[in-house]
Amino acid sequence: MGSTGEFRESGESGEFTGAGRSGRSGQFSGFGRRDLIKRAAALGLIVVPSMGVLSACASGGGSDDNKVDKGTKSEKNPLAVNESAQLDVVIFDGGFGQQYAKDAEAEYKAAYPKADIKHAATQEIQTQLQPRFNGGTPPDLIDNSGAKQMDMGTLVGKKQLTDLNALLDAPSIDDPSKKVRDTLRPGVVEMGRFEGEETWILYYAYTVYGVWYSKTALEKLDAQYPETWDEMLAVCEKAKKKGIAGWTYPGKFPYYLPFSLYPFIAKIGGREVIDRIDNLEPNAWKDPAVKAAFEAYYELYKKGYILQGTPGLTHIESQTAWNQGKALFIPNGSWVENESKKTTPADFKMAVGAPSSLDAKRDKMPFGTIWASGGEPFIVPKNAKNPQGGMELLRIMLGKKSSQNFIKQVSSLTSLNGGTEGLTLPPGLSSSQEALAKAGENVVNPRIQDWYVALQKEKIGVAALGEMMAGRMTPDETIAKIQKFADGVRADDSIKKYRHK
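Remember, it's a predicted structure, so these values are computed and weren't measured experimentally.

Asks: Give me the lowdown on the pairing of strand 9 (residues 370–379), citing residues and values where you can.
Replies: Side-chain direction in a regular strand flips from residue to residue, so the side chains alternate between the two faces of the sheet. Most of strand 9 is tucked away, with 10 of its 10 residues classed as buried. With two bridges connecting them, strand 4 (residues 141–143) and strand 9 associate as antiparallel partners. Following the sheet pairing, Asp-143 is matched in strand 9 by Phe-378. Of the strand pairs in this sheet, strand 5 (residues 202–214) and strand 9 are connected by seven bridges, and their pairing is antiparallel. For Tyr-209, the partnering residue across the bridge sits in strand 9 and is Trp-371. Both strand 9 and strand 11 (residues 443–444) contribute to a ladder of two bridges, which runs parallel. The residue bridging Trp-371 from the neighbouring strand is Val-444, located in strand 11.

This is the structure we're talking about:
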């Protein structure tokens, strides 16, 4: 989550390991996707922190009196880190595991030998950390990810986060003549803002979303990635005749479908359609581009191109079936390469494709339009005891050494612009780079998954798209239901609203 930002779930149980900095990595096997495995959560029972709960956070103590004293600001310590203060870090233990964070913590320890580092990992971010927020004793740095992530819009609305502009204006680890903000990929800083100039979130990973496939599987069918929807249907029909499904997806977590569906909508109707959806504008979901995209996806179901049993599959199960050649295409993000590596054949040649053109002459954006954005949201709580330490660890993580370590470990880009020099990239990550280059300026970044987590996951994903793709609702019924959900959020004064500028 992820996004979830990202929605990366993990197939393991969510335990709060409390592993110390010297402990062995509890790295997740593969690239796990967020904690989506919790069935109750995935079925729409995810409990998003209520306004009442976070109101308690706001008055739960944790004043400046509880903060450690700042250290001495210097060229080597631009954020004035207290060199002997404990650093308290909690990492989401999902698709990316936690070793990359432990490695960065080792760099922090080398720079500040007197500092004790308390490291914990969990898939239950909200469950584990909500009591700490309520009590005014949150960690110094949190990877707020997964199906059980804390609602970002609510945290911002209730003023529970530290403005990260001090980090962004600090000199970068690699080149002190450059500010951290000037080393990041386009759009990363803006994603961390909700309104005004404060930056509340630092998205560490950089994710490419789309239609993932095996070049080898297509080669065996004597086919290429379909650039038009007619070609997509033809390839799926060809596969069906050989006993292979065209598509699969995590039916238990159908909010994966937007990873390819949203950029498809933008391609058909223009990025302004997605902006209106993000803005909760009246009748935004009734745009003709939405209807056209939904009908195209529904056709996959009607023609029998969806892998049988898909509505009952988890993300891991659907990815495994895809790896086994049971289906050609799967909507996903670039974490999938690492997450599914244990079941991916050596000759799979994993790749990502942009949404096919519905009508190349009438679509508002060209083929190659793709969704790519920051993922893995890191936050520094307002009531953290050592916020300077939390930001310093992020500064280290955004250096080339830590970024390349992350890339090598989990086959994903970071928000550092570049950083891949000298690395041999695996097929999926190499394909992601190529897709970004082909897209150029035609990159979209839907914000609904950041601004309205419950709406995106539980309602649009599980209660609507999941029902449509299982054949239990028509596209028109699905659109009406989603529009009703969006209208409900817009009318709810307890939910903080955000808009594209």
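Now, onward.
Asks: Explain the nonpolar core residue by residue, including any values.
Replies: By size, the foremost hydrophobic cluster in this structure holds 139 residues, and its most contacted members are Trp-247, Ile-265, Trp-285, Phe-294 and Phe-329. Ranked by the residues each element gives to this core, the list is headed by strand 5, at 10 residues. Residues lining this core come from more than one domain, with at least three contributed by each of domain 1 (86–207 + 375–435) and domain 2 (208–372 + 444–491). Counting residues in hydrophobic clusters, the runner-up holds five residues, among them Ala-245, Leu-307, Leu-313 and Ala-321.

Asks: Account for unusual backbone geometry, with residues named and values stated.
Replies: One non-glycine residue, Lys-159, lies in the positive phi region at around 55 degrees. Note on placement: Lys-159 falls in the loop between helix 5 (152–157) and helix 6 (165–168). Of note, the phi angle at Ser-411 is positive, near 55 degrees, even though the residue is not glycine. Looking at where Ser-411 falls in the secondary structure, it is placed in the loop between helix 16 (400–410) and strand 10 (413–414).

Parameters at a glance
- Residues numbered from 1 in each chain as written.
- Predicted model: local features only at pLDDT ≥ 70, side-chain atom pairs only at ≥ 80, totals over all residues.
- Heavy atoms only, no water.
- Buried < 20%, exposed > 50% of the residue type's maximum accessible area, 1.4 Å probe, protein only.
- Helix = DSSP H or I, 4+ residues; strand = E, 2+ residues; numbered from the N terminus.
- Pairing = 2+ DSSP bridges.
- Core = buried A, V, L, I, M, F, W, Y, C linked by side-chain atoms within 4.5 Å.
- Domains from an automatic or database assignment.

Remember that the coordinates give geometry; whether it matters functionally is a separate question.
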